[in-house]
Amino acid sequence: MKTFLIAGLGNIGEKYANTRHNIGFKILDELASKENISFETEKLGDIAKFRFKGRTFILLKPSTYMNLSGKAVKYWLTKEKVAIENLLVICDDLNLEFGAIRVKAKGSDGGHNGLKDINAVLNTQQYARFRFGVGADFSKGRQVDYVLGEWDTNENKALPERLDKGCELIKSFGTAGLNNTMNAFNGK
């Protein structure tokens, strides 16, 4: 049976729960809710598992804070013996308009500190990532305040549909493969 590690990036703690930077956690929370499963606090993160179409999905919300996500991702890849091609990392992206989806097979960190740490710890950029657009509606020097800021009213209204799309994408990654998932979801 194929096993997939889906790492949603974010920061732990209530003050970060509804921030743009925590979209990785938010998508995994939505998927766990749809699958009727709960997260358990384990080493370096919160973990939830479910089976779908003969595949096992391990959902990881690292407890290491965003900028040190690599340690948790590497630990769970190793512990669960997940092949790197079965890793999907979910993060926010300032370079995409709100709600835009971009799935890539590999790539640079694009200035994202969570991806930067994962690249360094895994010593590769050859893993799939699901970037969720949060837009860039901030003035010069206000990037941190923006990503650590909460969703505005319009974003909150649009979020449920975008979260559903994210859940579909994750299942597609495990069942239809990366290329089919990129074709089906990029730009949607």
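Numbering of residues starts from 1 in every chain and runs along the sequence as written. Where totals are concerned, whole chains, interfaces and linings use all residues; where local detail is concerned, this predicted model gives features only for residues with pLDDT of at least 70, and gives and counts side-chain atom pairs only at 80 or more. With hydrogens and water stripped out, all remaining heavy atoms of the structure feed into the side-chain values.

Draft legend 1. Molecular detail of the nonpolar core. For this analysis, a nonpolar core means a set of buried residues of the types Ala, Val, Leu, Ile, Met, Phe, Trp, Tyr and Cys, connected via side-chain atoms within 4.5 Å. Partly exposed describes any residue whose relative accessible area lies between the buried limit of under 20% and the exposed limit of over 50%, with all areas from a 1.4 Å probe on protein chains only and scaled to the type maximum. Core analysis: the largest hydrophobic core is formed by 33 residues, its most contacted members being Ile6, Ile27, Leu59, Leu88, Phe130, Phe132 and Ile170. At six residues, helix α5 (residues 153-175) tops the list of elements feeding residues into this core. Once residues within four sequence positions are removed from consideration, isoleucine 6 is found in contact with Leu28, Phe57, Ile58, Leu59, Leu60, Leu88, Ile90, Ile170 and Phe173. One finds Met66, Val82, Val89 and Ile118 within the second-largest nonpolar core, a separate group that totals 20 residues. By definition, any uninterrupted DSSP run of H or I lasting at least four residues is a helix, any uninterrupted run of E lasting at least two residues is a strand, and each is numbered from the N terminus. The contact rule is simple, with two residues in contact once any of their heavy atoms fall within 4.5 Å.

Draft legend 2. Helix α2 (residues 69-79), seen in detail. Regarding α2, the residues found buried are Ser69, Gly70, Ala72, Val73, Trp76 and Leu77. With its buried residues spanning 165 degrees around the axis, α2 presents them on a single face. Turned more than 90 degrees from where α2 packs its buried face, Lys71 and Thr78 sit exposed. On its buried face, α2 is in contact with β1 (2-8), β2 (40-42), β3 (45-52), β4 (55-62), β5 (87-93) and α3 (113-122). Among the residues trailing α2, lysine 81 stands out with phi positive, at a value near 55 degrees. In this context, the arc is that of the directions from the helix axis out to the C-beta atoms.

Draft legend 3. Molecular detail of the side chain of asparagine 22. With respect to the secondary-structure elements, asparagine 22 resides in the loop between β1 and α1 (23-34). Contact partners of asparagine 22, with chain neighbours within four places excluded, come to Leu9, Gly10, Asn11, Tyr16 and Ala17.

Draft legend 4. Just the layout of surface pockets, in detail. A pocket here means an open set of points on a 1 Å grid, computed over the protein atoms alone, that has protein on both sides within 12 Å along at least five of seven lines. A cavity is instead a set of points where a 1.4 Å probe fits but cannot get out; residues with an atom within 4 Å of a point line either one. Grid points are joined across faces, edges and corners, and a volume is the space filled by probe spheres set on the points. By volume, the largest pocket is sized at about 370 Å³. Surrounding the largest pocket, 19 residues form its lining, His21, Gly111, His112, Asn113 and Gln143 being those nearest its centre. Sorting the residues of the lining of the largest pocket by element identifies β5 and α4 (143-147) as the ones contributing at least two each. It is α4 that provides the largest number of residues to the lining of the largest pocket, a total of three residues. Across the lining of the largest pocket, the residue classes break down as six nonpolar, nine polar and four charged. Think of it as three bins: nonpolar holds Ala, Val, Leu, Ile, Met, Phe, Trp, Tyr, Cys and Pro, charged holds Asp, Glu, Lys and Arg, and polar takes everything else, Gly as well.

Draft legend 5. Summary view of the packing of aromatic side chains. Aromatic pairing here means that ring centres of Phe, Tyr or Trp (its six-membered ring) are within 6.5 Å. Orientation follows from the plane angle: under 30 degrees is stacked, over 60 is edge-to-face, and everything else is tilted. In this structure the tally under the stated criterion is nine aromatic pairs. Look at phenylalanine 50 and phenylalanine 57: their rings are 5.0 Å apart centre to centre, the planes differ by 5 degrees, and that puts the pair in the stacked class. You can call phenylalanine 50 buried: its relative accessible area is 6%. Three or more aromatic residues link up through ring pairs in this structure, and these residues are Phe4, Phe50, Phe57 and Phe173. Whether a charge sits over a ring comes down to the Lys NZ or Arg CZ being within 6 Å of the ring centre and within 35 degrees of the ring normal. The residue whose ring lies beneath arginine 20 is tyrosine 146, and the NZ or CZ to ring-centre distance is 4.0 Å. A cation over an aromatic ring shows up here: lysine 61 above the ring of phenylalanine 39, its NZ or CZ 4.3 Å from the ring centre.

Draft legend 6. Structural view of the sheet that holds β4. Taken in spatial order, the seven strands of this open sheet run β2-β3-β4-β1-β5-β7-β6, and their pairing is mixed. In the strand order of this sheet, the two ends are held by β2 and β6 (101-104), each with one partner. Geometrically, the sheet is characterised by an average inter-axis angle of 25 degrees between neighbouring strands, direction not taken into account. Most of the contacts of α3 go to β5, to which it runs at about 150 degrees, and overall it touches β5 and β7 (128-133). Any two strands between which DSSP finds at least two bridges are classified as paired. Working convention: axes come from line fits to C-alpha atoms, limited for helices to the stretch in contact. Angles between N-to-C directions cover 0 to 180 degrees.

Draft legend 7. The packing of α2 against α3, seen in detail. Two numbers describe how α2 lies on α3: the axes approach to 7 Å, and their chain directions differ by 50 degrees. By the angle between their directions, the pair α2 and α3 is classed as oblique. Taken as a pair, α2 and α3 cross one another with a handedness that is right-handed. In this structure, α2 contributes Ser69, Gly70, Lys71, Val73, Lys74 and Leu77 to the contact, and α3 contributes Gly114, Asp117, Ile118, Val121 and Leu122. When the residues that make up the contact of α2 with α3 are grouped by side-chain class, the tally is five nonpolar, three polar and three charged. Each angle gets one of four labels, with under 35 degrees taken as roughly parallel, over 145 as roughly antiparallel, 65 to 115 as roughly perpendicular, and the rest as oblique. The crossing is said to be left-handed when, going from far helix to near helix, the turn is anticlockwise and less than a right angle, and right-handed when the turn is clockwise.

The analysis is restricted to geometry; functional conclusions fall outside its scope.
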